[in-house]
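Report on the structure
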Amino acid sequence: MANPAISGSERRLLIVNWRDPRNPEAGGAEVHLHEVARRLCGSGWQCVQYSHFFPGAPRHEILDGVHVHRVGGKFFFNFTVWFRVRSWIMRHRPDAVLDDSNKVPFFLPLLTSLPVVAQIHHLFGKVLFKETSPPLALYILGLETLMPFIYRNTPVLTGSESSRRELLRKGFRRVAIAPEGADLSHYRPMAGVAKIPGRLVYVGRIKRYKKLDAVLEAMLILALRFPHVSLHVAGSGDDLPRLRDRVQRHEGLRNRVRFLGFVDETVKVRLYSEAEVVVNSSLKEGWGLTSIEANACGTPVVATDVPGLCDSVVDEKTGFLVPFGDGEAFAHAIGRILGDSALAARMREEGLAWAARHTWEGAYVATRDALLKAMVEKA
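Description of the structure in this document. Quantities reported herein were computed from a predicted structural model and do not represent experimental measurements.

**A short note on the sheet that holds strand S7 (residues 156-158)**
Pairing in this open sheet of eight strands is mixed, and the strands run S3-S4-S2-S1-S5-S6-S7-S8 from one edge to the other. The open sheet has two edge strands with one neighbour each: strand S3 (60-63) and strand S8 (175-177). Strand-to-strand twist across the sheet, computed as the mean angle between neighbouring axes with direction ignored, equals 25°. Pairing analysis gives four bridges linking strand S5 (residues 96-100) to strand S6 (residues 116-119), with the strands arranged parallel. Bridged to Val-97 within S6 is Val-116.

This is the structure in structure tokens:
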């Protein structure tokens, strides 16, 4: 039996998540997990993470003290976990498990008697039918339906108040907030980089539920008023070929939209710093990390008014919230910023102040305390 009173240097944590931070498809959830894990390592914990393998990656790598093991395939990693987690526990002898169910749930409370804390940024729900085939959507939705029952006695962490309320409505009982943050030593206005007139930027995974079509529709409307408007899209995902084809087929978009693919952190800061507006058109987010990153670089955000994003964007102050999928509303909100230099300057200042309130220390402390409490309850 694990002893929660033992010193930090003796605590061992097993982390399970679909992706590790080096994965080309890693997003805000992976950033959150790694920022917490590396701080746990820095305070004396021994952290081992299992995630799916991706081409070109080493099977084992130490990232900021976290021992990352890559096993199994991208699409069936949950089965790898179900069949192998007991052997991982025997190998590493952890005191607790952090179950980061950021895709198909792992149901680790069923597979181990160890203390488990779950990190759930959001559930997909019916959004799945916009993202994938009906059989696969039904499969994942069925598993999500079981989650409130299987995790009923498990402490659950999420990133925002709106996401916490949503999980409680779905039947989860023990939901707390591990607040999102940003590395403010890295995300800040880049020296010598000026705003490019009319430049819009999207950073994130490119999936159907992100609904970038609404931003493309907004671009066509904005072009009538702002001849130099342009959009740079940074990220990868399975909806990229469709969007590229749509842009190429439309003369009004062909020379205004650039798809940059996966970009490194330095390029991200430059993109945020150059942009007049950062956009996020997603239907579902646990928080919206790019909102804080953009604000920290002095750029307002226009995003959809959905759980998560409605917490990361302060409407009328750090940017605007608009209805999901509404290209005209996106165009109107973006146009207000592009056409009013005083408003843009005020939002940049409000954004910098808002971002300064969000560091990763809060997420680390909340996760650490949840793990220690779970260990006490199991002792």
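Having seen the structure, we can now continue with the description.
**Here we look at the sheet that holds strand S9 (residues 199-203)**
Across the sheet, which stays open at both edges, the six strands sit in the order S11-S10-S9-S12-S13-S14 with parallel pairing between neighbours. The open sheet terminates on both sides in strands that have one partner only, identified here as strand S11 (257-261) and strand S14 (319-322). Looking at each pair of strands side by side, their axes are set apart by 20° on average, direction ignored. Across two bridges, S9 lies against strand S12 (residues 277-280) in parallel orientation. Across the sheet, the residue bridging to Val-201 is Val-278, located in S12. Most of the contacts of helix H10 (residues 265-274) go to S9, to which it runs at about 145°, and overall it touches S9, strand S10 (230-234), S11 and S12. Set on the sheet, helix H11 (residues 289-296) makes contact with S9, S12 and strand S13 (301-304); between it and S13 the angle comes to about 170°.

**Notes on the packing of helix H1 (residues 28-42) against helix H15 (residues 361-378)**
It is at 9 Å that the axes of H1 and H15 come closest, and there the two elements cross at 70°. Of the possible angle classes, the one that applies to H1 and H15 is roughly perpendicular. Between H1 and H15 lies a crossing of right-handed hand. Listed contacts from H15 to His-32, Val-36, Arg-39 and Leu-40 of H1 are Glu-361, Ala-363, Tyr-364, Thr-367, Arg-368 and Leu-371. Counted by class, the contact of H1 with H15 contains five nonpolar, two polar and three charged residues.

**Some points on the pairing of strand S4 (residues 66-70)**
Judged by how many residues are buried, S4 sits mostly within the fold: four of five residues are covered. The sheet contact formed by S3 and S4 spans four bridges and is antiparallel. Bridging from a neighbouring strand, Ile-62 pairs with His-67 of S4. The hairpin formed by S3 and S4 contains two residues between the paired strands, and Asp-64 there has a positive phi angle of roughly 55°.

**Describing the packing of helix H7 (residues 213-222) against helix H13 (residues 327-338)**
At a minimum axis separation of 8 Å, H7 and H13 run at an interaxial angle of 55°. Taken together, the axis directions place H7 and H13 in an arrangement best described as oblique. Here H7 and H13 pass one another in a crossing that is right-handed. Of the residues in H13, those touching H7 at Ala-214, Glu-217, Ala-218, Ile-221 and Leu-222 are Gly-327, Glu-328, Phe-330, Ala-331, Ile-334 and Gly-335.

**Some details on empty space enclosed by the protein**
One pass over the full model with this rule turns up two cavities of 30 Å³ or more. When its volume is computed, the largest cavity comes out at roughly 50 Å³. In this structure, the largest cavity is lined by Ser-101, Asn-102, Lys-103, His-122, Leu-123, Phe-124 and Glu-144. A class-by-class count of the residues in the lining of the largest cavity yields two nonpolar, three polar and two charged. The volume enclosed by the second largest cavity comes to roughly 30 Å³. If you go around the second largest cavity, the residues you meet are His-32, Leu-33, Val-36, Leu-98, Asp-100, Gln-119 and Thr-367. The dominant element in the lining of the second largest cavity, judged by the number of residues it contributes, is H1, at three residues.

Here is what the cut-offs are and how they apply
Residues numbered from 1 in each chain as written. Predicted model: local features only at pLDDT ≥ 70, side-chain atom pairs only at ≥ 80, totals over all residues. Heavy atoms only, no water. Pairing = 2+ DSSP bridges. Helix = DSSP H or I, 4+ residues; strand = E, 2+ residues; numbered from the N terminus. Axes fitted to C-alpha atoms, helices over the stretch in contact; angles between N-to-C directions. Contact = heavy atoms within 4.5 Å. Parallel < 35°, antiparallel > 145°, perpendicular 65-115°, else oblique. Left-handed = near helix turned anticlockwise from the far one by under 90°. Nonpolar A, V, L, I, M, F, W, Y, C, P; charged D, E, K, R; others polar. Buried < 20%, exposed > 50% of the residue type's maximum accessible area, 1.4 Å probe, protein only. 1 Å grid on protein atoms, 1.4 Å probe; cavity = no way out; pocket = protein on both sides within 12 Å on 5 of 7 lines; lining within 4 Å. Points joined across faces, edges and corners; volume = space filled by probe spheres on them.

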